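# Report on the structure
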Amino acid sequence: MISLNLKKTLKSAGGKIDLNLQLTIEKGQFVTLFGESGAGKTSTLRMLSGLLRPDSGTIKVGETIWFDSHKNIDLKPQQRKVGYVFQDYALFPNMSVRQNLEYALQKNQDRTIIGELLEFAELGELEQRKPETLSGGQKQRVALVRALVQRPEILILDEPLSALDLKMRIKLQEYLLQVHKKYNLTTILVSHDIGEIVKLSDRVYELQNGSVIKKGTTTDFFGLNKTSAKFRFSGEVLKIQREDVLYVISVLIGNDIIKVVADRTEANNFKIGDQVLVASKAFNPIIQKI
Amino acid sequence: MDWQPLVLTFKLAVVTTAILFVVSIPIARWLSSTKSKIRPVLETLVSMPLVLPPTVLGFYMLVVFSPENAFGNWLNEWLGIKLIFSFGGLVVASVIYSLPFMVQPIQAGLSSLPSTLKEASYTMGKSKMTTLLKVLLPNIKPSLLTGIVLSFAHTVGEFGVVLMIGGNMPGKTKVASIAIYDEVEALNYVAANSYSLILFTITFFILLLVYLTNGGYFKRYSQ
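Residues numbered from 1 in each chain as written. Chains lettered and ligands numbered in written order. Predicted model: local features only at pLDDT ≥ 70, side-chain atom pairs only at ≥ 80, totals over all residues. Heavy atoms only, no water.

### Remarks on the overall build of chain A
If you tally the helices and strands in chain A, you get nine helices and 15 strands. With the principal axes as the frame, chain A shows a C-alpha extent of 70 × 50 × 35 Å. Counting across all 290 residues of chain A, residues that qualify as buried make up 47%. Across chain A, the fraction of contacts at a sequence separation of at least 24, relative to all contacts at a separation of at least 6, is 64%. When the accessible area of chain A is evaluated, it comes to approximately 15600 Å², of which 49% is carbon and sulfur surface. The averaged location of the 33 negative side-chain charges in chain A is 3 Å from the averaged location of its 41 positive side-chain charges. (Helix = DSSP H or I, 4+ residues; strand = E, 2+ residues; numbered from the N terminus. Buried < 20%, exposed > 50% of the residue type's maximum accessible area, 1.4 Å probe, protein only. Contact = heavy atoms within 4.5 Å. Areas by Shrake-Rupley, 256 points an atom, 1.4 Å probe, with all protein chains shown as cover. Lys, Arg positive; Asp, Glu negative; His and termini not counted. Charge placed at Lys NZ, Arg CZ, Asp CG, Glu CD.)

### Some thoughts on the interface of chain A and chain B
Between chain A and chain B, the residue contacts involve 21 residues of the former and 19 residues of the latter. Summed over both sides, the interface of chain A with chain B buries roughly 1600 Å², with 60% coming from carbon and sulfur. One can count one salt bridge joining chain A with chain B. Between E119 of chain B and R46 of chain A there is a salt bridge; the shortest N-O distance is 2.9 Å. Counting every contact that joins chain A to chain B gives 11 residue pairs in polar contact (both at pLDDT 80 or more). The residue inventory of the side of chain A that touches chain B, partitioned by class, reads 13 nonpolar, four polar and four charged. (Buried area = accessible area lost by both parts, 1.4 Å probe. Salt bridge = Lys/Arg side-chain N within 4 Å of Asp/Glu carboxyl O. Polar contact = N/O pair within 3.5 Å; in protein donor to acceptor, adjacent residues only side chain to side chain. Nonpolar A, V, L, I, M, F, W, Y, C, P; charged D, E, K, R; others polar.)

### Some points on the side chain of T32 of chain A
All names here are of chain A. Mapped onto the fold, T32 is located in strand 3 (residues 30-35). On the accessibility criterion, T32 (0% relative accessible area) is buried. Within the structure, the side chain of T32 is placed 3.0 Å from the side chain of S201, a separation counted as a polar contact. The residues contacting T32, other than those within four sequence positions of it, are L189, S191, I197, S201, R203, V204 and Y205.

### Let's talk about a nonpolar patch on the surface
Residue and element names in this part refer to chain B. Taken together, F59, Y60, V63, V64, F71, W74, W78, L79 and I81 make up a surface patch of nonpolar side chains, about 940 Å² in accessible area. Taken together, the elements giving at least two residues each to the nonpolar patch come down to helix 3 (54-65) and helix 4 (70-79). For V63, the position within the fold is in helix 3. When its relative accessible area of 35% is taken as the criterion, V63 is described as partly exposed. (Patch = residues over 30% accessible without salt bridge, like charges linked within 9 Å, V, L, I, M, F, W, Y side chains within 5 Å.)

### Examining the UniProt feature "transmembrane region" (unreviewed entry) in chain B
Residues and elements named next belong to chain B. The sites that carry the UniProt feature "transmembrane region" (unreviewed entry) are, in the present numbering, residues 12-32, 44-63, 83-103, 144-166 and 186-212. Across residues 44-63, helical content stands at 90% and strand content at 0%; the span's end C-alpha atoms are separated by 22 Å. In this annotation, residues 83-103 is assigned 81% helix and 0% strand; the end-to-end C-alpha distance for the span is 24 Å. (UniProt positions renumbered as here; feature names shortened; annotations may be inferred.)

### Quick word on the sheet that holds strand 5 (residues 64-68) of chain A
Residues and elements named next belong to chain A. Read from one edge to the other, the open sheet built from five strands follows the order 2-1-4-5-6, with strand pairing classed as antiparallel. The open sheet has two edge strands, strand 2 (15-25) and strand 6 (73-74), and neither has a second partner. Note: strand 4 (residues 56-61) against strand 5, four bridges, orientation antiparallel. Counted as the bridge partner of T58 is D68 from strand 5. Where helix 1 (residues 41-49) meets the sheet, its contacts fall on strand 1 (2-12), strand 2, strand 4 and strand 5, and the angle it forms with strand 1 comes to roughly 125°. (Pairing = 2+ DSSP bridges. Axes fitted to C-alpha atoms, helices over the stretch in contact; angles between N-to-C directions.)

The structure is reproduced here in structure tokens:
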């Protein structure tokens, strides 16, 4: 179990915010930190991994205290050994794919894990390539398996898929789920993509101005259990258009735009850019191969 | 022609550059990452030789290292080191004088690397030393090369400091730039021209090499 109790004054682009955060994460869970930019999500991850020092508070992982401002305990990032996947991947440009993974090996660690991870991430053919020659999705896979070499118990993913196109995201989400289960990880993800969050995580914490304002299991959090829909998708409102007495709302789901009819009161609830859930329960959807 | 001044010049440049390389990496590493309040002061001190007349530096070193004074006397009595009018003194003076030419490119190189590289290395349990040697330095090779070559070339071109602290002792402190001055004083323009031409040619090609390498010309044509 991970218990965080963190206080820190952060200076962000939008001014100063006082981060004051209490979080408990069960072992083995896949947890998402959700919220606007500058809410303190990345800072929380950096404090957990030891890259940023909280002003005060405690960090306890299992029975070990990683940080305690009163007892003057502050483990270095080297001692915490958290698997951290950075938003910019942070691959070492001077090393090949295989060397990037080998660098992460601990003293006297069995080297067979390198081959195993390369194979898992389908990077075998690329192992001699330098990071600059890889595509975004390939770099992401290298960064992910590199973070796993030292067999961490905690995996931190800071918006790992935000720079990738939809197809690649879906593929990598599969990898993330597999990795989480296969290596018994406690995984903490920062993401803005509701579809991704619903697919991957068990619990969601929403941060705003440095505090948790909403939390719950993923289904509760997004209200997914309220509709027992036959099919449902999450998407983004692109356009709200009035046609006579009705309104037509265009929603982007994946790469497709669909149109939903709504009345005036319903339409007033939405604005362009809203994340919405589109579901149907009265009709049986048609399914056919394409 | 007497080759000794040229040999001495390049010996001084090699020794100075080697010492500077070792000394400057920790300084540049510290300057590139610290948030300490004394950082601007140290940065200023490192950069001073860029703007200060070499004679000022030479003058103070002459005063400090002189056996007449406490520090110079201590060096002489206890360690048997005499820095005035000796090759050792030239090396110390050159190291200080060329410090910005080594520190600044390395510092700029380190600052240009995303901080996530070193953070990623730390989270993998790697020490600061390992991170510096295996991750940071290999990724700023052009900056290292620039630092090495600029310090080398700058030491070759040194005149004022050398004249102040080293004097003009054949085989010990008479480097090429001093020899040129000497020959001109003696109206021996042919000898002065030989020294000058050699220095001109060598420094031209050294700098050209740097710009070609860092500009990627060699990589481009070898592919």
